[in-house]
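# Tertiary structure, described
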Amino acid sequence: MARITASVYTSHVPLIGVAIDLGKTEEPYWKPLFAGYEPSRRWFAANTPDVIVLVYNDHATAFSMDMIPTFAIGTAAAFQPADEGWGPRPVPTIVGHPELASHIAQSVIQDDFDLTIANKLEVDHGLTVPLSLMCGQPRAWPCPVIPFLVNVLQYPVPSGRRCFQLGKAIRKAVARYDKPLKVQIWGTGGMSHQLQGPRAGLINREWDNRFLDRLIDHPAALAQVPHVEYVREAGSEGIELVMWLIARGAAADAAGGPKPRIVHRHYHVPASNTAVGHLILEEQLEEQPS
Amino acid sequence: MPLDKPYLDIPGTTIFDAEQSRRGYALNQFCMSLMKAENRARFKANERAYLDEWPMTGAQKQAVLERDLNAAIAEGGNIYFLAKIGATDGKSFLQMAASMTGMSEEEYREMMVKGGRSIEGNRVIGEDGSAQAHRQPQGSGKPTWDRRRR
């Protein structure tokens, strides 16, 4: 049977992708940020999964205002990096996993989460920047990736509670898959940032770090936090952090199993307009019967 | 019964909700059209004529022509869509964000490197933080988005 082996959390700031693509990672502005991902790249190289379910949001790339799906899953065999207006990122094509993606779609829809199924999808920095941070600049990405999209652009976005429950449903779907795949689930976006209006540039270091603490130790309670706290404390675009709860809900302890082990934690301000947060949680190998 | 909108008391912030989305549909779809190179070229060649192809309000068109992102947001624009105008002009997200504060690019970048805008005084309308209405524009007010330099 397939199983979740780890959950990974990271911001997906577009300018990080630009810094990687233009070879600026050693510059003084960027060095501390990327230094915090060096242990992550070593860990990922030693713990490459068979598939990544990558939770992110589209930024007016694949979805215009014509259609705004709350949750969507990419079931295609491959996904091209999109041109977001500055030209497509020079990164490899993303290979999908249609079989597992379709299986997850069927399972979670039967569990009352009404996913949109995307058989054709271009992916933007929300998906490619986390891959670059964790994998560097390979000629081909080291494993297939299933894009899992969440609307966080048009309010109301799904609640933290709903996201956490969805993570549990994804865990159940993976456990029902009849092949011995190791699956990681990544939650991306955030942390505090606001890109609009006179309050643009907002950063809330204290709230961000408390979010990380709560995500690690009290995820079910964190899932009850209402949207307005994210927006007020972490900025209008800080609401992206609800996506981290999908990944966290897929960990064993959300289903009564053992707590995950903290592999790595990193926080840095700024990347462009944004506070960057990062966390790796590894599932404990021995799952206790619940 | 009115909808629950607990976010209306946050200073300097417009939440892109269903009502804003409805008002801004044509504006945002105009922005989306700039994802195509041929549309960017047509827009640059004659901005007014290109805008007139869209069922946008006069205020929306004016906000685009003036690159006034705060006005565009007030008229229903979403920042991720409006960013396509910035991309067309060769502007970064940081430059666009700075343009909404009244700070020059350098002033805004300096604020970010020092840890960003403080939350203190900026949680609720009526406090005294930098994002409050009575403290605008911020910084020197030098324009960070001068179209003439394109």
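Thresholds, definitions, all that
Residues numbered from 1 in each chain as written. Chains lettered and ligands numbered in written order. Predicted model: local features only at pLDDT ≥ 70, side-chain atom pairs only at ≥ 80, totals over all residues. Helix = DSSP H or I, 4+ residues; strand = E, 2+ residues; numbered from the N terminus. Rg over C-alpha atoms; globule rule 2.2 N^0.38 Å. Buried ≥ 20, exposed ≤ 12 C-beta atoms within 10 Å, placed from the backbone. Contact = placed C-beta atoms within 7 Å. Core = buried A, V, L, I, M, F, W, Y, C linked by C-beta atoms within 7 Å. Domains from an automatic or database assignment. Pairing = 2+ DSSP bridges. pLDDT = per-residue confidence, 0-100. Nonpolar A, V, L, I, M, F, W, Y, C, P; charged D, E, K, R; others polar. Axes fitted to C-alpha atoms, helices over the stretch in contact; angles between N-to-C directions. Parallel < 35°, antiparallel > 145°, perpendicular 65-115°, else oblique. Left-handed = near helix turned anticlockwise from the far one by under 90°. Expected span 1.5 Å × (residues − 1). Arc of directions from axis to C-beta.

Attention now moves to the overall build of chain B. In terms of helices and strands, chain B carries nine helices and zero strands. Mapped from its N terminus to its C terminus, chain B presents α and β elements in the order α-α-α-α-α-α-α-α-α. For chain B, whose C-alpha radius of gyration is 16 Å, the value lies close to the compact-globule estimate of 15 Å for 150 residues. Dimensions of chain B, computed from C-alpha atoms along their principal axes, come out at roughly 45 × 45 × 20 Å. For chain B, buried positions account for 42% of its 150 residues. Summarising the internal contacts of chain B: among those between residues at least 6 apart in sequence, 61% fall at separations of at least 24.

Further remarks concern the nonpolar core. In this structure, Val53, Leu54, Val55, Ile170 and Met243 of chain A are the most contacted members of the largest nonpolar core, which totals 125 residues. Domain assignment of the residues forming this core places at least three in each of domain 1 (15–90) and domain 2 (92–143) of chain B.

For the rest of this paragraph, the subject is the pairing of strand 4 (residues 78–81) of chain A. Inspection of the sheet shows strand 4 of chain A paired to strand 5 (residues 94–95) of chain A by two bridges, in the antiparallel sense. Paired with Ala78 of chain A across the two strands is Val95 of chain A, which belongs to strand 5 of chain A.

Counting from both sides, the interface comprises 45 residues of chain B and, opposite them, 34 residues of chain A. For the side of chain B that touches chain A, the secondary-structure elements that each account for two or more residues are helix 1 (18–23), helix 2 (25–33), helix 6 (69–74), helix 7 (79–88), helix 8 (93–99) and helix 9 (105–113) of chain B. For the side of chain B that touches chain A, the element with the most residues is helix 7 of chain B, which contributes six residues.

Further remarks concern the sheet that holds strand 7 (residues 122–123) of chain A. Pairing within the open sheet is mixed, and its three strands lie in the order 5-4-7 (chain A). Looking at which strands have only one partner, the edges of the open sheet turn out to be strand 5 and strand 7 of chain A.

A separate point is the environment of Ala41 of chain B. With respect to the secondary-structure elements, Ala41 of chain B resides in helix 3 (residues 37–45). In this structure the C-alpha to C-alpha distance between Ala41 of chain B and Thr88 of chain B, which are 47 residues apart in sequence, comes to 9.0 Å.

Further remarks concern the confidence of the model for chain B. In this model, chain B carries an average pLDDT of 93, and 95% of its residues clear a pLDDT of 70 or more. Quick note on the complex model: pTM equals 0.96, ipTM equals 0.94.

Looking now at unusual backbone geometry. All names here are of chain A. In this model, Gly190 is joined to Met191 through a cis peptide bond whose omega is -5°. When you line up the elements, Met191 lands in the loop between strand 9 (182–188) and helix 7 (205–217). Here the amide bond leading from Val269 into Pro270 is cis, since omega sits at -5°, within 30 degrees of zero. Counting through the fold element by element, Pro270 comes out in strand 10 (residues 261–271).

Residue and element names in this part refer to chain B. Annotation of chain B at the domain level lists domain 1 (15–90) and domain 2 (92–143). Between domain 1 and domain 2, the residue contacts involve four residues of the former and four residues of the latter. Of all the elements in the fold, those that place two or more residues in the side of domain 1 that touches domain 2 are helix 6 and helix 7. For the side of domain 1 that touches domain 2, a count of residues per class yields two nonpolar, two polar and no charged.

Along the chain, Ala2 of chain A turns up in the segment before strand 1 (3–10). The class of Ala2 of chain A is buried, set by 21 C-beta atoms lying within 10 Å.

All right, on to helix 5 (residues 125–135) of chain A then. Residue and element names in this part refer to chain A. Burial within helix 5 is extensive, with 11 of its 11 residues counted as buried. Buried within helix 5 are the following residues: His125, Gly126, Leu127, Thr128, Val129, Pro130, Leu131, Ser132, Leu133, Met134 and Cys135. With its phi angle positive at about 75°, Gly136 sits one or two positions after the end of helix 5.

Axes are the key here: two packed helices are described by the angle between their axes and the distance separating the axes. All names here are of chain B. Closest axis-to-axis distance for the helix 2/helix 7 pair is 8 Å, and the angle between their directions is 45°. Taken together, the axis directions place helix 2 and helix 7 in an arrangement best described as oblique. Here helix 2 and helix 7 pass one another in a crossing that is left-handed. Where helix 2 abuts helix 7, its residues Asn28, Cys31 and Met32 lie against Phe81, Leu82, Lys84 and Ile85.

Looking now at helix 4 (residues 98–110) of chain A. Residues and elements named next belong to chain A. For helix 4, which comprises 13 residues, the first-to-last C-alpha distance of 18 Å matches the rise-based estimate of 18 Å (1.5 Å per residue) to within 8%. Those residues of helix 4 not exposed but buried are Leu100, Ala101, Ile104, Ala105 and Val108. One side of helix 4 holds all its buried residues, which, seen down the axis, span an arc of 140°. Against the buried residues of helix 4 lie strand 2 (51–56), strand 3 (71–74), strand 6 (116–118), strand 8 (145–150) and helix 6 (160–175). Looking at the residues trailing helix 4, positive phi occurs at Asp112, about 80°.

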